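# Summary of structural features
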Amino acid sequence: MSAFASDAALDDVRDTTGNGTEVDVATNLLTGAVRLSILWTQEILLSPEDAAKVAAALARAADQGRQISSSKPAEHCEPRPE
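The structure reproduced in this document is the subject of the present report. The shown structure was predicted, so the numbers you read here are calculated from the model rather than taken from an experiment.

Rules used in this analysis
Residues numbered from 1 in each chain as written. Predicted model: local features only at pLDDT ≥ 70, side-chain atom pairs only at ≥ 80, totals over all residues. Heavy atoms only, no water. Pairing = 2+ DSSP bridges. Helix = DSSP H or I, 4+ residues; strand = E, 2+ residues; numbered from the N terminus. Axes fitted to C-alpha atoms, helices over the stretch in contact; angles between N-to-C directions. Contact = heavy atoms within 4.5 Å. Salt bridge = Lys/Arg side-chain N within 4 Å of Asp/Glu carboxyl O. Buried < 20%, exposed > 50% of the residue type's maximum accessible area, 1.4 Å probe, protein only.

Turning our attention to the sheet that holds strand E1 (residues 4–6). The strand order across the open sheet formed by three strands is E1-E2-E3, and the pairing between neighbours is antiparallel. The sheet is open, and its two borders are formed by E1 and strand E3 (34–39), each paired with just one other strand. Going from strand to strand, the sheet's axes swing by 30° on average, the running direction of each strand aside. Packing against the sheet, helix H1 (residues 48–71) makes contact with strand E2 (22–28) and E3, and its axis sits at approximately 15° to E2.

Structure (structure tokens):
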């Protein structure tokens, strides 16, 4: 089970060149860390509309991450080594 929750609003965001590249914004529900992933390549070219969706997803994740990290004691903000 992953500790990350992805933003479903990005499910339809794809690279404008048609190569299938995807972007993912996810929040770690344990630490509040925000992960931005570009899947299947090193870069992604977005339409202005999709870029706005990614920006909004990052803002939502930042807000959620702040809420998670502020509700946890400081010693629990970093993942523990296994």
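A complete count under the given rule lists five salt bridges for this structure. Linking Asp 50 and Lys 53 is a salt bridge whose minimum nitrogen-to-oxygen distance equals 3.9 Å. Linking Asp 50 with Lys 53, this pair stays in helix H1, spanning three residues, or about one helical turn. Overall, Asp 50 belongs to the buried group, its relative accessible area being 13%. The exposure class of Lys 53 is partly exposed, given its relative accessible area of 31%. Residue Arg 66 pairs with Asp 63 through a salt bridge whose shortest N-O separation is 2.7 Å. Of this pair, Arg 66 and Asp 63 both sit in helix H1, three residues apart, roughly one helical turn.

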